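Descriptive analysis of the structure
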Amino acid sequence: EKESQNILENKRTIKELFVSEPDRLSRMTFKVDDFFLDFSKNIISRKIQELLNALAINNNVLKQAQRMFAGETINITENRSVLHIALRNVSYSKKKGFKSLGEISVNKQDVMPEVVNTLNRMADFSDKIRKGKWRGTTGKKITDIVNIGIGGSDLGPKMIYRALLSFAASNINVHFVSNVDGTDIAETLSNLNPETTLFIVASKTFTTQETMTNALSAKKWFLKRFKQKDIAKHFVAASTAENLVTDFGIDAENMFPFWDWVGGRYSSPSAIGLPIMIALGKENYAKLLEGYQKMDNHFRSTPVESNLPIQLALIGIWYNNFLNAQSYAILPYAQSLEHFAAYFQQGDMESNGKSINLKGEVVDYQTGPIVWGEPGTNGQHAFYQLIHQGTKLIPCDFIGFIQSNYPLSDHHDKLMANFFAQPEALMNGLSQEELIKQNCPKELLPFKEFKGNIPTNSILINKLNPQSLGSLIALYEHKIFTQGIIWQINSFDQYGVELGKVLAKSVLEDINSGKVNTKKHDPSTANLIELFIKNK
Ligand code: F6P
């Protein structure tokens with residue numbers, strides 16, 4: 001308590017900790033494969049670090065991880081296992097394709113044969129599209145893939161496709177349609193030719209209103225030119241619901257399954273990854289899975305003190321629960337990771353935005369933080385002002401790469417100069433004494449002063465490629481898992497977002513009938529709906 005009091009009172013700043021703890025760098029930096037993580041610029045002393053490690057040990061984080069890896073029913077409110085780790089428990093060779101690395105069972109049934117079978121079917125299908133063997137109904141090659149999905153059935157493939165665009169085939173474009181706003185599908189389809197377009201309807205449940213509405217509009221658009229029988233060549237699905245897929249008119253043969261033990265926001269390495277495999281090819285996809293798997297192995301087998309996801313989780317808990325930070329920013333210094341923060345906005349906030357513990361009681365402590373961010377350096381010219389000089393504590397994760405996928409003159413050096421300079425400035429600040437030395441006019445001193453002591457993590461990776469991206473995603477996934485364990489909440493249900501699906505249906509009934517049912521709504525909402533009905 002005394003230690004955290006000192007920190008709260010600013011008596012022990014990061015700068016001071018570097019002086020009083022000469023072993024700080026060796027204690028708080030980690031090198032695993034081509035990842036270098038520097039956690040030393042945190043307001044965390046040796047004592048606090050020890051206490052945080054004890055928190056993870058006392059909460060049996062590693063034991064709980066073993067329960068997840070063993071397929072136990074840890075998603076207790078939905079009575080499900082949580083096995084996204086099974087999706088990457090595979091090896092790949094040119095000769096033998098994808099193979100299981102060992103049994104993982106749910107209710108005594110090994111799930112791996114189905115995982116491997118689906119991966120090999122996806123590989124076969126992707127090959128056909130990439131090599132132009134799968135042709136549209138008029139015999140033309142597929143040039144455009146449209147992924148129709150939302151949430152976990154959109155954000156993952158969209159983020160990964162964008163991140164690895166430099167590895168993607170140049171003859172196939174992938175588009176992502178998610179919003180029920182007709183603008184999304186209309187603008188996407190306006191530039192496409194149905195003869196050369198393949199739709200992937202991606203939905204775990206195959207009931208999500210946005211996705212089904214967009215899929216029906218896509219079908220209508222396609223049927224303006226072609227017949228029902230032509231659909232087989234142009235519509236495939238990634239889903240857990242075979243009946244609904246076939247009801248929609250998609251052949252069961254063209255459905256790539258996944259299972260209820262894959263949460264939507266953890267589903268990008270499942271059949272939901274089909275557009276990524278088509279774009280990148282099966283070999284690159286295998287490397288992506290290998291990257292996930294490396295971090296999975298690190299997470300399950302490394303002691304708490306040097307376990308990267310656990311350390312990242314503990315740092316987050318320190319700011320969230322002890323220093324009252326409301327949010328944290330993910331700041332990738334890579335334009336390719338422009339959707340990374342949005343992806344983990346769902347990953348983190350849908351997982352840990354809970355206020356009821358595993359026993360069904362209301363918690364009396366803070367749980368999941370607000371997650372936000374944009375790539376640097378763009379963010380620097382937008383919201384960094386508030387991080388540097390605002391009234392809120394915002395811990396930041398800086399993610400950067402040593403080598404660029406586009407080594408264009410000195411762009412990368414300039415980008416990385418900012419990557420190094422910002423965390424340094426956030427920690428050091430700029431004092432009034434320093435400003436005086438720089439001849440700053442006296443009246444401007446308080447305005448130009450930076451208090452500093454703003455914590456950052458630096459995640460420096462050799463290169464952005466399929467393998468490192470897989471590891472980076474798994475790093476954050478297991479961080480979220482660890483925090484959920486310590487907060488004693490179920491990170492794997494999402495009743496909070498499911499409510500929205502029901503609410504909109506009831507309003508839609510009113511809109512369709514052209515009359516507001518005033519008994520159902522409060523006066524403000526009833527008035528707003530009426531205004532819409534009258535003027536639409
Ligand atoms: O918004 C709630 C949610 O269930 C997310 O968890 C999920 O990723 C998304 O909807 C999409 O669901 P589905 O894949 O079933 O269409």
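Heads up: these notes are all about the structure in this document. (Residues numbered from 1 in each chain as written. Predicted model: local features only at pLDDT ≥ 70, side-chain atom pairs only at ≥ 80, totals over all residues. Heavy atoms only, no water.)

1. Focus on the overall build of the protein chain
The test is simple: Runs of E in the DSSP output that reach at least two residues are strands. Runs of H or I that reach at least four are helices, and both are numbered from the N terminus. Both definitions apply: the radius of gyration is a C-alpha atom measure, and the globule rule equals 2.2 Å times residues to the power 0.38. Whether a residue is buried, partly exposed or exposed follows from its accessible area with a 1.4 Å probe, protein chains only, as a fraction of its type maximum: under 20%, in between, or over 50%, in that order. Residues are treated as being in contact if the distance between any of their heavy atoms lies within 4.5 Å. Only the protein chains shown count as cover for residues, with accessible areas throughout obtained via the Shrake-Rupley method and a probe of 1.4 Å. Residues scored as positive are Lys and Arg, those scored as negative are Asp and Glu, and His as well as the terminal groups of each chain are ignored. Throughout, a charge is located at the NZ atom of Lys, the CZ atom of Arg, the CG atom of Asp or the CD atom of Glu.
Across its full length, the protein chain carries 21 helices and 15 strands. A globule of 536 residues ought to have a C-alpha radius of gyration of about 24 Å, and the protein chain, at 25 Å, matches this closely. C-alpha atoms of the protein chain, sized along the principal axes, occupy 75 × 65 × 55 Å. Looking at the protein chain as a whole, 53% of its 536 residues qualify as buried. Intrachain contacts of the protein chain at a sequence separation of at least 6 include 72% that bridge at least 24 residues. A total of about 24600 Å² of accessible surface is found on the protein chain, and carbon and sulfur atoms cover 52% of it. Distance between charge centres in the protein chain, computed from 59 positive and 55 negative side chains, equals 5 Å.

2. Digging into the pairing of strand S8 (residues 173-177)
Applicable threshold: Two strands are counted as paired when DSSP detects at least two bridges linking them. If you view a crossover with the strands going away from you and the path from the first strand over the helix to the second runs clockwise, you call it right-handed.
Note that strand S7 (residues 144-148) and S8 share 5 bridges and pair parallel. Within the sheet, the bridge partner assigned to Ile148 lies in S8 and is Val177. A crossover connection joins S7 to the parallel S8 through helix H7 (residues 155-163); in handedness this β-α-β unit is right-handed.

3. What to know about the pattern of salt bridges
Stated formally: In what follows, salt bridge is the name for a side-chain nitrogen of Lys or Arg lying within 4 Å of a carboxyl oxygen of Asp or Glu.
Applying the stated criterion across every chain, the model contains 25 salt bridges. A salt bridge links Lys128 to Asp124; the shortest N-O distance between them is 3.5 Å. Of the two residues, Lys128 and Asp124 both sit in helix H6 (residues 112-130), 4 residues apart, roughly one turn of that helix. On the basis of relative accessibility, which here comes to 33%, the residue Lys128 falls in the partly exposed class. Accessibility expressed as a relative area gives 41% for Asp124, which makes it partly exposed.

4. Structural notes on the layout of surface pockets
Applicable threshold: Put simply, the grid is 1 Å and covers the protein atoms alone, a cavity is a trapped set of points that fit a 1.4 Å probe, a pocket is an open set with protein on both sides within 12 Å along at least five of seven lines, and lining residues have an atom within 4 Å of a point. Grid points are joined across faces, edges and corners, and a volume is the space filled by probe spheres set on the points. Any residue outside Ala, Val, Leu, Ile, Met, Phe, Trp, Tyr, Cys, Pro, Asp, Glu, Lys and Arg is labelled polar, Gly included; the first ten of those are nonpolar and the last four are charged.
Volume-wise, the largest pocket comes out at about 870 Å³. Lining the largest pocket are 40 residues; nearest its centre among them are Thr208, Glu350, Gln494, Glu498 and Lys501. At the level of secondary structure, the elements contributing two or more residues to the lining of the largest pocket comprise H7, helix H9 (209-223), helix H14 (340-352) and helix H20 (495-513). For the lining of the largest pocket, the element with the most residues is H20, which contributes 6 residues. Considering only residue class, the lining of the largest pocket consists of 9 nonpolar, 19 polar and 12 charged.

5. Description of the sheet that holds S8
Here is the rule: The axes are straight lines fitted to the C-alpha atoms, using for helices just the contacting stretch, and the angles between their N-to-C directions are given from 0 to 180°.
Read across the open sheet, the 5 strands follow the order S8-S7-S9-S10-S11; overall the sheet is parallel. Of all the strands in the sheet, just S8 and strand S11 (255-257) have a single pairing partner and so form its edges. Going from strand to strand, the sheet's axes swing by 20° on average, the running direction of each strand aside. Bridge count between S7 and strand S9 (residues 197-202): 5 bridges; the pairing is parallel. Along S9, the bridge assignment pairs Asp144 with Thr197. Sitting on the sheet, H9 is in contact with S7, S8, S9 and strand S10 (235-239), with an inclination near 160° to S9.

6. Concerning unusual backbone geometry
Cis geometry is found at the peptide bond from Gly376 to Thr377, where omega equals 10°. Following the sequence through the fold, Thr377 ends up in the loop between strand S13 (370-372) and helix H15 (384-389). Even without glycine at this site, Phe206 takes up a positive phi of about 60°. Along the chain, the position of Phe206 falls in the loop between S9 and H9. The phi dihedral of Asn453 is positive, around 60°, even though this residue is not glycine. Its location among the elements puts Asn453 in the loop between helix H18 (445-448) and strand S15 (456-463). For Asn453, a relative accessible area of 9% puts it in the buried group.

Keep in mind these numbers describe shape, not what the thing actually does.
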